[in-house]
Amino acid sequence: MTDLEFMKASELAPMIEKKEVSPVELTERFLHRIDKLNPKLNAYLTTLETNALEQARSAEEEIMNGRYKGPLHGIPIGIKDNYKTKGIRTTGGAKIFDEYTPDVNATTVNNLEEAGGINLGKLNMNPLGAGSSGNNLDYGVSPNPWNTNHLPGGSSSGSATALASGLAVLTTGTDTWGSNRIPAAMSGVYGLKPTHGLVSTHGLLPTAWSLDTSGPFARSVSDIALMLNVMAGFDPKDPQSLNIDIPDYTKTLNKDIKGLKIGVPRYYLEGLAPDIETLFGKARKTLEDLGAEVREIDIPELSMSSFAGQVTATGEAAAYNYSMMQEDAGQYPQDVRVLLSAGTVSSTSQYLKAQQARRKLADAFQRAFEEVDVLLGPTLPITTPEIAKDETKQNLQVIQRGLPFTVPANLTGVPSLAVPMGLSSDGMPAGMQFIGSHLSEEKLMQVGSAWENTNPISVGYAEIEGSHIPDE
Amino acid sequence: MPVKKFVKSGLKLHGVKVKRSDVPYIKGMLLAVKQMEKPLENFPDINEKTPLTTIDKGVFKHD
């Protein structure tokens, strides 16, 4: 068997169910790869060898005894390090939490483990989710496997790196202002920012409460759907959790998109790097060829999203970290401290003005979704940058460039699915996002899988430079 | 008040020790936010909007 490490969960699951693939052997293969590649890729901050093998043995025993739980049973998964894990250190990517060991699991970790997922370890990230570059001044960057001189994107940097380099089948991420979608774009994988309240945030280390979401990361839309089936659902421990029926998100995969109305906000066409403009133009044409009706629309309220996103995120993050900043601000990495400081000195009236802008933007989105089924835009206006020396400056720059494109979905609570769009002229991935109305994840799976079937990056993950195991 | 001074005194007021090397970055961020705020002028009715709030299930018992 070859390239098991790069297979989708939807491909592995039937093999595991038929006992053609052993969860123990699969987990051992991933642990071997992590052992070899993680010193270079720094995707995992904590590897859970003993724990993972124990879970794998248990999964194998259950399957051998006819108790197959479903498509995630025996699948190795990486968990972003801001999800609390019982008895396992949870750093949030920051040294101030270096020795923090929670006594509970995040609800979604429980969901994934109860579905039979194998927890391989805890994944690198921008400290405390406060960034978009993927830099980590505390534990070091997890470089982009496509070219290790480039940023992976953040904050869920390790989640994307692990997928692109075959260090996990699935990973989790969180998205406050683009943290799932930006690394998905820069690293050529798929990431979902779900409807606010669809997936529990109980047991996450918060970045900004009113914007935070927890979501799936994968190398395909079908795997995003499988993960969402397990991660979504009402959680009484999360006051923002929606008590609704959860559909089977795999049902709309591979349905055609003939007649689907896709709106491209003109705001998303401003200031694009030439490569992004070219790739996005081609993508629009491809979607039209698939039968979708693609047209440009105006949503002027989007111009308020950077202000609303920046003020809301830094204000709420500053509130959460207030006493720790007073105690010893020096314990935070500089880029995080700068963001928290800006939030600390922002005014309450600015914060409330941001919430007024959010309502206007939410109203504008609602009007837009009366005209079109989904919105489409690039995930980022820039190509994937090389890692710069001044990581603080770079993180702030990537945030400012990404914010207008990604934060509108967080401000309004709507879902957004990030997909690879193609490769820029330097061979690095670029991405785009489908944005839907509240609880339209099924539609996003439909349009996302139709797009995926066009093979947008046309390179196998196993061909990526950073995914090769160094010589023994 | 010059932004640099505002940053230093603002953080001091909140009991947060200021690192001198951070000040240019914080200043840059605050100036960027002021720029980002400008488009709000195109929406003169914004004050008629109630700030976005949520009905928190923990306190709202009659749904």
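This is a predicted model, so every value here is computed, not measured.

### Re the overall build of chain A
The helix and strand tally for chain A stands at 14 helices and 11 strands. Computed over its C-alpha atoms, the radius of gyration of chain A comes to 20 Å, within 12% of the 23 Å expected for a compact globule of 472 residues. Structurally, chain A occupies a C-alpha span of about 60 × 60 × 45 Å along its principal axes. Here chain A holds 472 residues, and the buried ones make up 66% of them. Considering only contacts in chain A between residues 6 or more positions apart, those separated by 24 or more positions represent 79%. Of the roughly 15600 Å² of accessible surface on chain A, a fraction of 46% belongs to carbon and sulfur atoms. Averaging the positions of the 39 positive and the 56 negative side-chain charges in chain A gives two centres separated by 4 Å.

### A word on the nonpolar core
Residues M432 and F434 of chain A are the most contacted members of the largest nonpolar core, which totals 151 residues. Listed in part, the 6 residues of the second largest apolar core include I182, M186, L380 and V398 of chain A.

### Quick word on the interface of chain B and chain A
Counting from both sides, the interface comprises 32 residues of chain B and, opposite them, 42 residues of chain A. Broken down residue by residue, the surface that chain B buries against chain A is led by Y25, M29 and L52 of chain B, which jointly contribute 21%. In this structure, the connection of chain B to chain A is made through 3 salt bridges. In this structure, the salt-bridge partner of R337 of chain A is D22 of chain B, at a minimum N-O distance of 2.5 Å. The tally of links from chain B across to chain A stands at 16 residue pairs in polar contact (both at pLDDT 80 or more). Within the residue set of the side of chain B that touches chain A, elements represented by two or more residues are α1 (3-13) and α2 (23-37) of chain B. The element contributing the most residues to the side of chain B that touches chain A is α2 of chain B, with 8 residues. Of the residues that constitute the side of chain B that touches chain A, the class distribution is 17 nonpolar, 7 polar and 8 charged.

### Some thoughts on the packing of aromatic side chains
Given two aromatic rings, their pairing is described by the distance between the two centres and the angle made by the two planes. Residues and elements named next belong to chain A. On inspection of all chains with the given rule, the structure shows 5 aromatic pairs over all chains. A centroid spacing of 5.4 Å and a plane angle of 20° characterise the contact between Y268 and F405, whose relative ring orientation is stacked. Remark: F405 occurs in helix α13 (residues 391-412) and Y268 occurs in the loop between β7 (261-265) and α8 (274-289); sequence separation between them is 137 residues. The class of Y268 is buried, set by a relative accessible area of 0%. Given the relative accessible area of 5%, F405 is considered buried. Members of the aromatic cluster, each reached through a chain of ring pairs, are Y267, Y268 and F405.

### Quick look at a negative patch on the surface
Residue and element names in this part refer to chain A. Taken together, the side chains of E25, E28, D35 and E49 define an acidic patch exposed on the protein surface. The biggest single contributor to the negative patch is helix α2 (residues 23-41), with 3 residues. Mapped onto the elements of the fold, E49 is located in helix α3 (residues 49-64).

### What about the sheet that holds strand β10 (residues 416-423) of chain A?
Residue and element names in this part refer to chain A. Across the sheet, which stays open at both edges, the 11 strands sit in the order β1-β3-β2-β4-β6-β5-β10-β11-β9-β7-β8 with mixed pairing between neighbours. Either end of the sheet is taken by a strand with one partner, and the two such strands are β1 (44-47) and β8 (293-297). The sheet shows a mean angle of 30° between the axes of neighbouring strands, taken without regard to direction. Sheet topology places strand β2 (residues 76-80) next to strand β4 (residues 170-174); 2 bridges connect them, and they run parallel. If you follow I77 over to β4, its bridge partner there is L170.

Cut-off values and rules
- Residues numbered from 1 in each chain as written.
- Chains lettered and ligands numbered in written order.
- Predicted model: local features only at pLDDT ≥ 70, side-chain atom pairs only at ≥ 80, totals over all residues.
- Heavy atoms only, no water.
- Helix = DSSP H or I, 4+ residues; strand = E, 2+ residues; numbered from the N terminus.
- Rg over C-alpha atoms; globule rule 2.2 N^0.38 Å.
- Buried < 20%, exposed > 50% of the residue type's maximum accessible area, 1.4 Å probe, protein only.
- Contact = heavy atoms within 4.5 Å.
- Areas by Shrake-Rupley, 256 points an atom, 1.4 Å probe, with all protein chains shown as cover.
- Lys, Arg positive; Asp, Glu negative; His and termini not counted.
- Charge placed at Lys NZ, Arg CZ, Asp CG, Glu CD.
- Core = buried A, V, L, I, M, F, W, Y, C linked by side-chain atoms within 4.5 Å.
- Buried area = accessible area lost by both parts, 1.4 Å probe.
- Salt bridge = Lys/Arg side-chain N within 4 Å of Asp/Glu carboxyl O.
- Polar contact = N/O pair within 3.5 Å; in protein donor to acceptor, adjacent residues only side chain to side chain.
- Nonpolar A, V, L, I, M, F, W, Y, C, P; charged D, E, K, R; others polar.
- Phe/Tyr/Trp six-rings, centres within 6.5 Å; stacked < 30°, edge-to-face > 60°.
- Patch = residues over 30% accessible without salt bridge, like charges linked within 9 Å, V, L, I, M, F, W, Y side chains within 5 Å.
- Pairing = 2+ DSSP bridges.
- Axes fitted to C-alpha atoms, helices over the stretch in contact; angles between N-to-C directions.

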